[in-house]
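# Residue-level structure breakdown
Residue strings, one per chain:
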Amino acid sequence: MYLCLMRHGKAQPFSLKKPDKLRELTEKGCWQADSMANWAASWWPEGKTALWVSPYVRTCQTASYLEQQLPIGQFHTHEALASGDLVAVYDQILSQEKSDVVCIVGHSPFLDRWVQAWTGTAIDFKTGSMALLDFDVHGGRIGSASLLFYVHPKALKFWEASRK
């Protein structure tokens, strides 16, 4: 199974006037999410895809771009993606309906920590970035994975230029 992890696009700055979970994507964040979704559609693995999203507004907005471009079979919001609870995420992976790909849209530093725990590789997830893992559900006590790639939205400028 594959796990695709994506950090939400750039969001409005934190403010005491608005709860963190209600922060929306900026124009740049919308561009990041749209560009990454468009690029992902060019290589996405075949099979059933489940899209799991933190209930925060910025992650749901990011996920909407993925929904437009990818063959999503299931869409779920999971509080564990907002709280960073890796054990709960792993339990969800074990109990989910059979999917070939689980795409998770979440937050830093949780995505960073999960990739480190599953692969042993340190990644600093920047806004809008994406990583693809080859995930072994039965590897270790929380699963294990190989990092196949990590891509920052700025790298897509090279991909877009090569397609012209």
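Residues numbered from 1 in each chain as written. Predicted model: local features only at pLDDT ≥ 70, side-chain atom pairs only at ≥ 80, totals over all residues. Heavy atoms only, no water.

Per an unreviewed UniProt entry, the protein chain is named Histidine phosphatase family protein, and its organism is Megasphaera massiliensis.

So, about the overall build of the protein chain. Per the secondary structure count, the protein chain includes 6 helices and 6 strands. Secondary structure elements of the protein chain, listed N to C terminal, follow the sequence β-α-β-α-β-α-α-β-α-β-β-α. When each of the 164 residues of the protein chain is scored for burial, the buried share is 48%. Contacts spanning at least 24 positions in sequence make up 72% of the contacts within the protein chain whose residues lie at least 6 apart. Of the roughly 8,100 Å² that the protein chain leaves accessible, carbon and sulfur atoms contribute 51%. Side chains of the protein chain carry 17 positive and 16 negative charges; the gap between the two charge centres is 9 Å. (Helix = DSSP H or I, 4+ residues; strand = E, 2+ residues; numbered from the N terminus. Buried < 20%, exposed > 50% of the residue type's maximum accessible area, 1.4 Å probe, protein only. Contact = heavy atoms within 4.5 Å. Areas by Shrake-Rupley, 256 points an atom, 1.4 Å probe, with all protein chains shown as cover. Lys, Arg positive; Asp, Glu negative; His and termini not counted. Charge placed at Lys NZ, Arg CZ, Asp CG, Glu CD.)

Within strand β5 (residues 130-136), 5 of the 7 residues are buried, leaving the element largely enclosed by the surrounding structure. For strand β1 (residues 2-7) and β5, the ladder comprises 5 bridges, and the chain directions are antiparallel. By the bridge assignment, Met 6 is partnered in β5 with Met 130. When β5 meets strand β6 (residues 144-151), the two strands line up antiparallel, connected through 7 bridges. Bridging across to β6, Met 130 finds its partner in Val 151. (Pairing = 2+ DSSP bridges.)

Attention now goes to the pattern of salt bridges. In total, this model carries 3 salt bridges according to the counting rule given. Across the pair Arg 23 and Asp 20 runs a salt bridge whose closest N-O atoms are separated by 2.6 Å. Judged by relative accessible area, Arg 23 falls into the buried class, the value being 14%. Its relative accessible area of 25% is what places Asp 20 among the partly exposed residues. (Salt bridge = Lys/Arg side-chain N within 4 Å of Asp/Glu carboxyl O.)

Time to look at the packing of aromatic side chains. For any pair of aromatic rings, the description rests on two quantities: the centre-to-centre distance and the angle between the ring planes. In total, this model carries 8 aromatic pairs according to the counting rule given. On the numbers, 6.5 Å between centres and 20° between planes, the contact of Phe 110 with Trp 114 is stacked. Residue Phe 110 and its partner Trp 114 are both found in helix α5 (residues 110-119); the two are separated by 4 residues, about one turn of the helix. Among the aromatic residues, those joined into a cluster by ring pairs are Trp 39, Trp 43, Trp 44 and Phe 149. (Phe/Tyr/Trp six-rings, centres within 6.5 Å; stacked < 30°, edge-to-face > 60°.)

So, about the pairing of strand β3 (residues 72-77). The sheet contact formed by strand β2 (residues 49-53) and β3 spans 5 bridges and is parallel. Pairing of Ala 50 across the sheet is with Gln 74, part of β3. Handedness of the crossover joining β2 and β3 through helix α2 (residues 57-69) is recorded here as right-handed. (Right-handed = clockwise from strand over helix to strand, strands pointing away.)

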